[in-house]
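# Architecture and fold: a report
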Amino acid sequence: MRPATQKKPQSAKQPAFIYLVDDEELVLDVAEATLEPEGFRIKKFGDPEEAWKSFQKERTKPALLITDYAMGKMNGLELIEKCKEEHPQLKTLLISGVASAEVQLNAAIPADRYLAKPYPPQTLAETVRELLEAA
């Protein structure tokens, strides 16, 4: 039996714009394959510094930043902090296969949500919908 309340449909005007940042190409591809059919517009980055450069230049900022924690010269929390300083309304999701949710405890700007890798694709889709509906 279906619940009486219906899910909010995505805006007919424009799909939510999401940045995906992870240094593992397979993770990016799976996330993209999970979220695009849900109606989201995706921009992928394998390097957080490239994501930051692109974010600064974007006329229309993404609604959501999904980023891995452990990556090269800049970690996911540093990327979140930089992006939120420029666009405070940005929703953020930190994912990690090496760090637990506690890594955020001392963060200047913690992520809105955390997912541990590996995660089921459906969990990613549900988390993204919840974050964007709360916006």
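It should be noted that the structure appears before, not after, this text.
The paragraphs below set out a description of the structure included in this document. Residue positions are given per chain, counted from 1 along the sequence in the order it is written. Selection of residues for local features in this predicted model requires a pLDDT of at least 70, selection of side-chain atom pairs for listing and counting requires 80 or more, and totals for whole chains, interfaces and linings are taken over all residues. Remark: hydrogens and water are excluded; side-chain values derive from all non-hydrogen atoms of the structure.

Under the DSSP-based scheme used, a helix requires at least four consecutive residues in state H or I and a strand at least two consecutive residues in state E, with every element numbered from the N terminus. Relative to the helices and strands, Thr92 resides in strand β4 (residues 91–96). Any pair of residues with heavy atoms lying within 4.5 Å of one another is described as a contacting pair. Other than its neighbours up to four places away in sequence, Thr92 contacts Leu64, Leu65, Ile80, Lys84, Pro110, Ala111, Asp112, Arg113 and Leu131.

Contact geometry for helix α1 (residues 25–35) and helix α4 (residues 121–133): axes closest at 9 Å, N-to-C directions at 60°. In terms of axis orientation, α1 runs oblique to α4. Crossing of α1 against α4: the hand is right-handed. For the pair α1 and α4, the contacting residues are Val30, Ala31, Thr34 and Leu35 in the first and Pro121, Leu124, Ala125 and Val128 in the second. Residue polarity follows a fixed list, in which Ala, Val, Leu, Ile, Met, Phe, Trp, Tyr, Cys and Pro are nonpolar, Asp, Glu, Lys and Arg are charged, and the others, Gly among them, are polar. Tallied by class, residues from the contact of α1 with α4 come to seven nonpolar, one polar and no charged. All axes here are fitted lines through C-alpha atoms, helices being fitted over the stretch that makes contact, and every angle between N-to-C directions spans 0 to 180 degrees. Should an angle fall under 35 degrees it is taken as roughly parallel, and over 145 as roughly antiparallel, whereas 65 to 115 is taken as roughly perpendicular and any remaining angle as oblique. Here is the rule for handedness: rotate from the far helix to the near one, and if that takes an anticlockwise turn smaller than a right angle the crossing is left-handed, while a clockwise turn gives right-handed.

Another point: the pairing of strand β1 (residues 17–21). The buried count for β1 comes to five of five residues, which makes it a mostly enclosed element. By definition, two strands form a pair when at least two bridges between them are found by DSSP. Here β1 pairs with strand β2 (residues 41–45) via five bridges, running parallel. Looking across to β2, one finds that Val21 is bridged to Phe45. The parallel pair β1 and β2, bridged by α1, forms a crossover whose chirality is right-handed. Summarising the sheet, β1 and strand β3 (residues 64–68) pair through four bridges and their orientation is parallel. Across the sheet, residue Ile18 finds its bridge partner in β3, namely Leu64. Relative accessibility thresholds used throughout: buried, under 20% of the residue-type maximum; exposed, over 50%; partly exposed, between the two (1.4 Å probe, protein chains only). Here the term right-handed applies to a crossover when the path leading from its first strand over the helix to its second strand runs clockwise, the strands being oriented away from the viewer.

A few words now on the pattern of salt bridges. For salt bridges, the criterion is a side-chain nitrogen of Lys or Arg within 4 Å of an Asp or Glu carboxyl oxygen. Inspection of the entire model under this criterion finds 11 salt bridges. Measuring nitrogen to oxygen at the nearest pair gives 2.8 Å for the salt bridge that ties Glu86 to Lys61. With a gap of 25 residues between them, Glu86 in helix α3 (residues 76–86) and Lys61 in the loop between α2 (48–57) and β3 connect regions that are remote in the sequence. Between Lys84 and Asp112 there is a salt bridge, with the nearest N and O atoms lying 3.5 Å from each other. With Lys84 in helix α3 and Asp112 in the loop between β4 and β5 (113–116), this residue pair connects regions lying 28 residues apart in the sequence. A relative accessible area of 14% places Lys84 in the buried class. Residue Asp112 is classed as partly exposed on the basis of its relative accessible area of 32%. Through salt bridges with shared partners, a single network forms among Asp22, Glu24, Asp68 and Lys117.

If you walk across this open sheet you meet the five strands as β2-β1-β3-β4-β5, and the pairing is parallel. Each edge of the open sheet carries a strand with a single partner, namely β2 and β5. In this sheet, neighbouring strand axes are inclined to one another by 20° on average, regardless of whether the strands run parallel or antiparallel. Relative to β5, β4 runs parallel, the two being bridged by four bridges.

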